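As a plain string of letters, each chain reads:
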Amino acid sequence: MGGTEHLKTERVGATLVLTLNRPGARNALSLPMLVGLYDGWLEADADETVRSVILTGAGASFCAGMDLKALAGKGMAGGGDEDPYRDRLKADPDLHWKAMLRHHRPRKPLIAAVEGHCVAGGTEMLQGTDIRVAGQSATFGLFEVRRGLFPIGGSTVRLQRQIPRTHALEMLLTGRSYSAEEARSVGLIGHVVPDGEALVKALEIAEQINACGPLAVEAVKASVYETAEMTEEEGLASELERGWPIFSTADAKEGARAFAEKRPPVYRRE
């Protein structure tokens, strides 16, 4: 199992749980964390026994965005000249954008389990997840304009495609904080649960996904994103091209057979 000093990885059945692990810094993004995140996305995609992924944070926060103090001082890694994390970034200058889901979309369904602060870069990374659960005291917001910065993690493009434009512009231009209930009301998150229960709910959703045919699940996710900006005619053609082959898989036959035999299906990704 991978991970770095600022990111924990854990398997819970067929779910890979990635935990941002800088609770003393409200899980602000560091270079070791970003390297761990990107490695986690790659691990999930490469391991066919992983059927879903959960992203969460240790302690009382999800993610407070970029570590501005470190960025203004020694840099995000805070290490010396011989720093493996800096070496990784030097070898792949796009790594931080991939880690934050700006330039990478995991193949497996990705669920966010949010407690506490999910602001700035945290809210930007959230937009790269598929399903979102939050504790009732969680807070969201894109604070960049309040600091004279630009939310360059993708929010000026993605947010207006995920929630109504008037709400997207208000969030982007005011830099104000949003409660979990308000975030749900505008469509940024899907579930609000009692504090401390976000991961429990996310694991419940993951188990429901894991019980489904993995080839079908991954094809459905891919189709949703591929067709998002297409015309209806283009989208329907693309859907048919991606979806029709699923019907000839062994898993599809197993699903029908299990239904007829009144038993849980055993999918083998075939």
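What you are looking at is a predicted structure, and each value in this text was computed from that prediction instead of being measured.

About the cut-offs
- Residues numbered from 1 in each chain as written.
- Predicted model: local features only at pLDDT ≥ 70, side-chain atom pairs only at ≥ 80, totals over all residues.
- Heavy atoms only, no water.
- Helix = DSSP H or I, 4+ residues; strand = E, 2+ residues; numbered from the N terminus.
- Rg over C-alpha atoms; globule rule 2.2 N^0.38 Å.
- Buried < 20%, exposed > 50% of the residue type's maximum accessible area, 1.4 Å probe, protein only.
- Contact = heavy atoms within 4.5 Å.
- Phe/Tyr/Trp six-rings, centres within 6.5 Å; stacked < 30°, edge-to-face > 60°.
- Lys NZ or Arg CZ within 6 Å of the ring centre and 35° of its normal.
- Axes fitted to C-alpha atoms, helices over the stretch in contact; angles between N-to-C directions.
- Left-handed = near helix turned anticlockwise from the far one by under 90°.
- Nonpolar A, V, L, I, M, F, W, Y, C, P; charged D, E, K, R; others polar.
- Pairing = 2+ DSSP bridges.
- Patch = residues over 30% accessible without salt bridge, like charges linked within 9 Å, V, L, I, M, F, W, Y side chains within 5 Å.
- Areas by Shrake-Rupley, 256 points an atom, 1.4 Å probe, with all protein chains shown as cover.
- Salt bridge = Lys/Arg side-chain N within 4 Å of Asp/Glu carboxyl O.
- Expected span 1.5 Å × (residues − 1).
- Arc of directions from axis to C-beta.
- Core = buried A, V, L, I, M, F, W, Y, C linked by side-chain atoms within 4.5 Å.

Looking only at helices and strands, one finds 12 helices and 9 strands in the protein chain. Its C-alpha radius of gyration of 19 Å places the protein chain within 12% of the 18 Å reference for a compact globule of 270 residues. Looking at the protein chain residue by residue over its 270 residues, the buried ones come to 49%. Counting contacts in the protein chain only where the partners sit at least 6 residues apart, residues at least 24 apart contribute 66% of the total.

So, about the packing of aromatic side chains. Taken as a whole and judged by the stated rule, the model has 1 aromatic pair. Their ring planes at 35° and their centres at 5.4 Å tell us that Trp244 and Phe247 sit as a pair that is tilted. Residue classification places Phe247 among the exposed residues on the basis of a relative accessible area of 62%. Residue placement shows Arg146 over the ring face of Phe143; its charged tip is 4.7 Å from the ring centre. The ring centre of Tyr178 lies 3.9 Å from the NZ or CZ of Arg176, which sits over that ring.

Okay, the packing of helix α6 (residues 155–162) against helix α7 (residues 165–174) next. Across the interface, α6 lies against α7 with an axial gap of 7 Å and an inter-helix angle of 145°. Here the hand of the crossing between α6 and α7 comes out right-handed. Where α6 approaches α7, its residues Ser155, Thr156, Leu159 and Gln160 are matched on the opposing element by Arg165, Ala168, Met171 and Leu172. Taken together, the residues of the contact of α6 with α7 break down into 4 nonpolar, 3 polar and 1 charged.

On the basis of which strands lie adjacent, the open sheet formed by 3 strands has the order β5-β7-β8 and mixed pairing. Strands with a single pairing partner mark the edges of an open sheet, and in this sheet they are β5 (117–119) and β8 (178–179). Summarising the sheet, strand β7 (residues 139–141) and β8 pair through 2 bridges and their orientation is antiparallel. By the bridge assignment, Phe140 is partnered in β8 with Tyr178.

Our next topic: the sheet that holds strand β6 (residues 131–135). One open sheet accounts for 6 strands, arranged β1-β2-β3-β4-β6-β9; its pairing is mixed. Lying at the two open borders of the sheet, with one neighbouring strand each, are β1 (7–12) and β9 (191–193). Each strand of the sheet is rotated relative to its neighbour by a mean of 20°, with strand direction disregarded. The pairing of β6 with β9 spans 3 bridges and is parallel. For Val133, the partnering residue across the bridge sits in β9 and is His191. Lying on the sheet, helix α1 (residues 31–46) is in contact with β1, β2 (15–20), β3 (52–57) and β4 (110–114); it crosses β2 at an angle near 175°.

Right, let's get into a nonpolar patch on the surface. Residues Leu240, Trp244 and Phe247 make up a contiguous nonpolar surface patch of about 430 Å² in total accessible area. With respect to the helices, strands and loops of the structure, Leu240 is situated in helix α11 (residues 232–243). Since its relative accessible area comes to 56%, Leu240 is described here as exposed.

Quick look at helix α12 (residues 250–261) now. In a regular helix each residue adds 1.5 Å, so 12 residues correspond to 16 Å; α12 covers 16 Å between its end C-alpha atoms and thus fits that length. Those residues of α12 not exposed but buried are Asp251, Glu254, Gly255 and Ala258. Viewed along the axis of α12, the buried residues span an arc of 105°, placing them on a single side of the element. Looking at the buried residues of α12, the elements they touch are α10 (214–226). Positive phi appears at Lys262, one or two residues downstream of α12, with a value of about 55°.

A positive phi angle, near 55°, is found at Asn27, a position not held by glycine. Here Asn27 lies in the loop between β2 and α1. When its relative accessible area of 0% is taken as the criterion, Asn27 is described as buried. Phi at Leu101 takes a positive value of approximately 70°, unusual for a residue other than glycine. If you trace the backbone, Leu101 turns up in the loop between α4 (95–99) and β4. Judged by its relative accessible area of 0%, Leu101 falls in the buried class.

Take the nonpolar core next. Residues Leu37, Trp41, Leu55, Val114, Phe140, Leu188 and Ile189 are the most contacted members of the largest nonpolar core, which totals 46 residues. Mapped by element, the contributors of at least two residues to this core are β2, α1, β3, α4, β4, α5 (121–126), α7 and α8 (180–186). Residue contributions to this core peak at 8 residues, all from α1. In this structure, Ile189 is in contact with Leu126, Arg132, Ala134, Phe140, Ala180, Ala183 and Arg184, ignoring residues within four places of it in sequence. Ranked by size, the runner-up nonpolar core spans 12 residues in total, among them Ile54, Val133, Ala202 and Ala206.

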